Amino acid sequence: IDIVKEVDSEATQVMLGATGGVRDLISSGEITTKQVERFKELLATNPELPFKVHFLILSGDDEAKYEFVSAEYCANQCGFVDAQEPKTTTTASYGNLGLLSSGGMSSQIFVK
């Protein structure tokens, strides 16, 4: 939180995405959608947090897409682009870029 306080915390927004494990807990009945909504409300209204938090439960497809966007960003930041090409976050600059991710309750494969 101290690092976030160094940036414009009024403009900083954090997306917290729940993935396969939470989807599984909801489908098994171990947690309820009412509990999830209460957690979401607490995050959104917590005066101790110096930034706005958006909480959502990601579908498997959305989970893969967000992870892929992160991989694209990292590839861009690490210089995996032709020096003559403008630095963009499109795979046209890299050729082929894919993602294979495996977590506790789900796996994602994404190729663009």
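This text goes with the structure placed above it.
The structure contained in this document is the topic of the report that follows.

Calculation rules
Residues numbered from 1 in each chain as written. Predicted model: local features only at pLDDT ≥ 70, side-chain atom pairs only at ≥ 80, totals over all residues. Heavy atoms only, no water. Helix = DSSP H or I, 4+ residues; strand = E, 2+ residues; numbered from the N terminus. Buried < 20%, exposed > 50% of the residue type's maximum accessible area, 1.4 Å probe, protein only. Contact = heavy atoms within 4.5 Å. Areas by Shrake-Rupley, 256 points an atom, 1.4 Å probe, with all protein chains shown as cover. Salt bridge = Lys/Arg side-chain N within 4 Å of Asp/Glu carboxyl O. Core = buried A, V, L, I, M, F, W, Y, C linked by side-chain atoms within 4.5 Å. Phe/Tyr/Trp six-rings, centres within 6.5 Å; stacked < 30°, edge-to-face > 60°.

What follows deals with the overall build of the protein chain. Looking only at helices and strands, the protein chain features four helices and four strands. Starting at the N terminus and walking to the C terminus, you meet the elements of the protein chain as α-β-α-α-β-α-β-β. A buried classification covers 22% of the 112 residues belonging to the protein chain. Nonlocal contacts in the protein chain, meaning residues at least 24 apart in sequence, comprise 57% of its contacts between residues at least 6 apart. Just so you have it, the protein chain exposes about 7,900 Å², and 55% of that area is on carbon and sulfur atoms.

Glancing now at the environment of Glu37. With respect to the helices and strands, the residue Glu37 is situated in helix α3 (residues 33–45). A residue is classified by how much of its surface remains accessible, and Glu37, at 46% relative accessible area, is partly exposed. Separated by 18 residues in sequence, Glu37 and Phe55 place their C-alpha atoms 9.2 Å apart.

Glancing now at the pattern of salt bridges. In this structure the tally under the stated criterion is two salt bridges. Its salt-bridge partner being Arg23, residue Glu63 comes within 3.1 Å of it at the nearest N-O pair. One end of the pair, Glu63, is in helix α4 (residues 60–77); the other, Arg23, is in helix α2 (residues 20–28), and 40 residues separate them in sequence. Its relative accessible area of 6% is what places Glu63 among the buried residues. Residue Arg23 is classed as partly exposed on the basis of its relative accessible area of 24%. Two residues, Arg38 and Glu41, come together in a salt bridge whose shortest N-O distance is 2.8 Å. Placement of both Arg38 and Glu41 in helix α3 is noted, with a separation of three residues, approximately one turn of the helix.

Counting residues in each nonpolar core, the largest one holds six residues, listed as Ala18, Val36, Leu43, Phe51, Val53 and Phe55. Only α3 and β2 (52–57) provide two or more residues apiece to this core. The residues contacting Val53, other than those within four sequence positions of it, are Val14, Leu16, Leu43 and Ala44.

This part is about the packing of aromatic side chains. Both the distance between ring centres and the angle between the ring planes are used here to describe each pair of aromatic rings. On inspection of all chains with the given rule, the structure shows one aromatic pair. Centroid distance Phe39 to Phe55: 5.2 Å. Interplanar angle 90 degrees. Geometry classified as edge-to-face. One end of the pair, Phe39, is in helix α3; the other, Phe55, is in strand β2, with 16 residues separating them in the sequence. On the accessibility criterion, Phe39 (39% relative accessible area) is partly exposed.

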